[in-house]
Amino acid sequence: MRLKTFIVTIWIAAAWFIPLSAAWAYEEKTVTDGAAMTGRVIFKGAVPPSRSFGLIVYPDMELCERISDGKGHRLLQDFTVSNDGGFQDVVVVVEGVGQGKPLPLSGPKIAIKDCSFTPLRAVIRDRQTMTFQNQDGVIHDIQTYAIADNKRGDRIFDRAALPDSTLVQEIKLPKGQKIIWTQCGKHSFMQTWVYAVDNPYYAITAGDGTFSIKDLPPGRYRVTAWHPFMNLREQTVEVAPNSKVAVHFEFGK
């Protein structure tokens, strides 16, 4: 009798748990009264200088120096800012959207050419794949880590990208982590950053700092702007049906 009562209790608990868990999953749904969100991210103040790497201490110098300062150094430009302050490659995300337009099926595709990654910023969902298209005639050592509290955390994977080949890797995010950093173990100036999202309402700022997010369902949301070398910026925004919403962010030293 006790065993029967125990089984019934477990069954009831499971019946409650499954719908509760499912309620947190993003649901694809046709948006008929969506809003358009546009904005601009600017950087004020002196732009931090590029990081310099002396190529003489790295292998494959003849290949890697195709992108250099002409004096044997690779410059890694972490901050790209236009003359009027437009901040490029900032990831803008509308957080907490439970349902709306379809999610992208594939994850980021990173091109490897002349010992560099392109793009420098991308987004991904948990269990999506990252694709590395190695166009160089040398092996690159792809090392990917989670970043927590501005420190390198769990290693997600470490694999070789063979010459002139494609490497595909599923990304399993550590619990609670959103930031992924990738570098080449042979060439430490090869770096790219990926930000984890759970809905398709995001954008990466263009060269002038502008961004656009369409078909956003009405609601009250937290909008965040992320750059790997700056503190996160956020705003709370009320979105009305069929409206146009302007959201702007400012970064500085």
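In this text the structure is predicted, and so the values were computed from the model without any measurement.

Asks: Which residues make up the state of the cysteines, and what values do they have?
Replies: What the rule picks out here adds up to one disulfide. Here C64 pairs with C115 through a disulfide, and the sulfurs are 2.1 Å apart. Between C64 and C115, the disulfide has an S-S torsion of -65° and is therefore left-handed. A residue pair is termed long-range when its members are at least 10 positions apart, and C64 in helix α2 (residues 61-64) and C115 in the loop between β7 (109-112) and β8 (117-118) qualify at 51 residues. The same class applies to C64 and to C115, which are both buried. The cysteine C184 is free of any disulfide, with C115 supplying the nearest cysteine sulfur at 7.5 Å. C184 sits in the buried class, given a relative accessible area of 0%.

Asks: Tell me what's going on with the pattern of salt bridges, and back it up with residues and numbers.
Replies: Taken as a whole, this structure holds nine salt bridges when the rule is applied. A salt bridge links E95 to K178; the nearest nitrogen and oxygen atoms lie 3.4 Å apart. Pair noted here: E95 is in strand β5 (residues 91-95) and K178 is in the loop between β13 (165-170) and β14 (179-184), with a separation of 83 residues, a long-range link. The class for E95 is buried, based on a relative accessible area of 10%. For K178, a relative accessible area of 34% puts it in the partly exposed group. A salt bridge links E238 to R220, with the nearest nitrogen and oxygen atoms 3.2 Å apart. Of this pair, E238 sits in strand β19 (residues 233-239) while R220 sits in strand β18 (residues 219-226), placing them 18 residues apart in sequence. Here E238 and R220 have matching classes, each one exposed.

Asks: With reference to specific residues and values, describe empty space enclosed by the protein.
Replies: Where empty space is left can be seen by rolling a probe of water-molecule size over the atoms. Taken as a whole, this structure holds one cavity of 30 Å³ or more when the rule is applied. Roughly 40 Å³ of internal volume is contained in the largest cavity. In terms of lining residues, the largest cavity is bounded by R51, L76, Q77, D78, L120, R121, Q191, T192 and W193.

Asks: Mind laying out the layout of surface pockets, listing which residues take part and the relevant values?
Replies: For the largest pocket, the calculated volume is near 480 Å³. Lining the largest pocket are 20 residues, with I147, N150, I179, W226 and P228 sitting closest to its centre. If you list the elements that add at least two residues to the lining of the largest pocket, you get β11 (140-148), β12 (151-161), β14 and β15 (191-196). The residue makeup of the lining of the largest pocket, split by class, is 11 nonpolar, five polar and four charged. Its boundaries defined by the atoms lining it, the second largest pocket holds a volume of some 320 Å³.

Asks: Give me the sheet that holds β18: which residues, what numbers.
Replies: With respect to topology, four strands assemble into an open sheet ordered β16-β5-β18-β19, the strand pairing being antiparallel. Where the open sheet ends on each side, the last strands, each with one partner, are β16 (202-204) and β19. Direction aside, neighbouring strands of the sheet carry axes that sit 20° apart on average. Summarising the sheet, β18 and β19 pair through seven bridges and their orientation is antiparallel. Residue V223 lies in a different strand from β19, and its bridge partner there is Q235.

Asks: Lay out the sheet that holds strand β2 (residues 35-43) with the relevant residues and their values.
Replies: One open sheet accounts for three strands, arranged β17-β2-β20; its pairing is mixed. For this open sheet the edge positions go to β17 (210-216) and β20 (244-251), each flanked by a neighbour on one side alone. Neighbour to neighbour, the strand axes of the sheet diverge by 20° on average, direction disregarded. Taken together, the eight bridges between β2 and β20 define a ladder with parallel strand orientation. Directly across from I42, in β20, lies its bridge partner E250.

Rules of the game
- Residues numbered from 1 in each chain as written.
- Predicted model: local features only at pLDDT ≥ 70, side-chain atom pairs only at ≥ 80, totals over all residues.
- Heavy atoms only, no water.
- Disulfide = S-S within 2.5 Å.
- Helix = DSSP H or I, 4+ residues; strand = E, 2+ residues; numbered from the N terminus.
- Buried < 20%, exposed > 50% of the residue type's maximum accessible area, 1.4 Å probe, protein only.
- Salt bridge = Lys/Arg side-chain N within 4 Å of Asp/Glu carboxyl O.
- 1 Å grid on protein atoms, 1.4 Å probe; cavity = no way out; pocket = protein on both sides within 12 Å on 5 of 7 lines; lining within 4 Å.
- Points joined across faces, edges and corners; volume = space filled by probe spheres on them.
- Nonpolar A, V, L, I, M, F, W, Y, C, P; charged D, E, K, R; others polar.
- Pairing = 2+ DSSP bridges.
- Axes fitted to C-alpha atoms, helices over the stretch in contact; angles between N-to-C directions.

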